[in-house]
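One letter stands for each residue in the lines below.
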Amino acid sequence: MNFLQKIKQPQFWNNLVRVAVPFFIIVTLFSLFFNSWEAIFSANWAAVSEANFENGKWIQFWGTKVVVCFVYGMYVTNKNMK
């Protein structure tokens, strides 16, 4: 079955969500810890917000994660569906 036939099936999209959402959560947590390790453990939420979300940084922060997780979910789901 080719890719276009697979994406027409509702099961493909259910599987994509099952793969992409946990991966999104893991990538987000890893990114937050990597970018703001000290601020998170000192509970300095203002510094975490400033480093990751303020001044338009939230677009890049969330945008890249959504795109990467969607592409990863598409790849894994396509690879594992028969």
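Attention here is on the structure that accompanies the text. Bear in mind the structure is a predicted one, so any value in this text is a computation, not a measurement. (Residues numbered from 1 in each chain as written. Predicted model: local features only at pLDDT ≥ 70, side-chain atom pairs only at ≥ 80, totals over all residues. Heavy atoms only, no water.)

**Looking at the overall build of the chain**
Thinking step 1. From N to C terminus, the chain includes four helices and zero strands.
Thinking step 2. From first element to last, N terminus to C terminus, the chain shows the α and β order α-α-α-α.
Thinking step 3. Over its C-alpha atoms the chain spans a radius of gyration of 16 Å, topping by over 25% the 12 Å that the globule rule assigns to 82 residues.
Thinking step 4. For the C-alpha atoms alone, the extent of the chain along its principal axes is close to 50 × 25 × 15 Å.
Thinking step 5. The burial tally for the chain puts 26% of its 82 residues in the buried class. (Helix = DSSP H or I, 4+ residues; strand = E, 2+ residues; numbered from the N terminus. Rg over C-alpha atoms; globule rule 2.2 N^0.38 Å. Buried < 20%, exposed > 50% of the residue type's maximum accessible area, 1.4 Å probe, protein only.)

**Comments concerning unusual backbone geometry**
Excluding glycine, residues mostly carry a negative phi; peptide bonds, for their part, are mostly trans.
Thinking step 1. For Ala 43, which is not glycine, the phi torsion reads 60° and is therefore positive.
Thinking step 2. One can find Ala 43 in the loop between α2 (10-41) and α3 (45-52).
Thinking step 3. A relative accessible area of 45% places Ala 43 in the partly exposed class.
Thinking step 4. A positive phi angle is found at Asn 55, which is not glycine, with a value near 60°.
Thinking step 5. Inspection of the secondary structure assignment puts Asn 55 in the loop between α3 and α4 (57-80).

**Focus on the side chain of Thr 28**
Thinking step 1. Position of Thr 28 among the secondary structure elements: in helix α2.
Thinking step 2. Among the polar contacts listed, one links the side chain of Thr 28 to the backbone oxygen of Phe 24, at a separation of 2.8 Å.
Thinking step 3. Those residues in contact with Thr 28, other than ones at most four positions away along the chain, are Phe 61, Trp 62 and Lys 65. (Polar contact = N/O pair within 3.5 Å; in protein donor to acceptor, adjacent residues only side chain to side chain. Contact = heavy atoms within 4.5 Å.)

**As for the nonpolar core**
Thinking step 1. In this structure, Leu 32, Ala 39, Ile 40, Val 48 and Phe 61 together form the largest nonpolar core, which totals five residues.
Thinking step 2. At three residues, α2 tops the list of elements feeding residues into this core. (Core = buried A, V, L, I, M, F, W, Y, C linked by side-chain atoms within 4.5 Å.)

**Quick look at the packing of aromatic side chains**
Thinking step 1. Within this structure, the stated rule accounts for eleven aromatic pairs.
Thinking step 2. On the basis of an interplanar angle of 65° and a centroid distance of 5.8 Å, the ring pair of Phe 33 and Trp 37 is categorised as edge-to-face. Of the two residues, Phe 33 and Trp 37 both sit in helix α2, four residues apart, roughly one turn of that helix.
Thinking step 3. Over the ring of Phe 61 we find Lys 65, and its NZ or CZ is 3.9 Å from the ring centre. (Phe/Tyr/Trp six-rings, centres within 6.5 Å; stacked < 30°, edge-to-face > 60°. Lys NZ or Arg CZ within 6 Å of the ring centre and 35° of its normal.)

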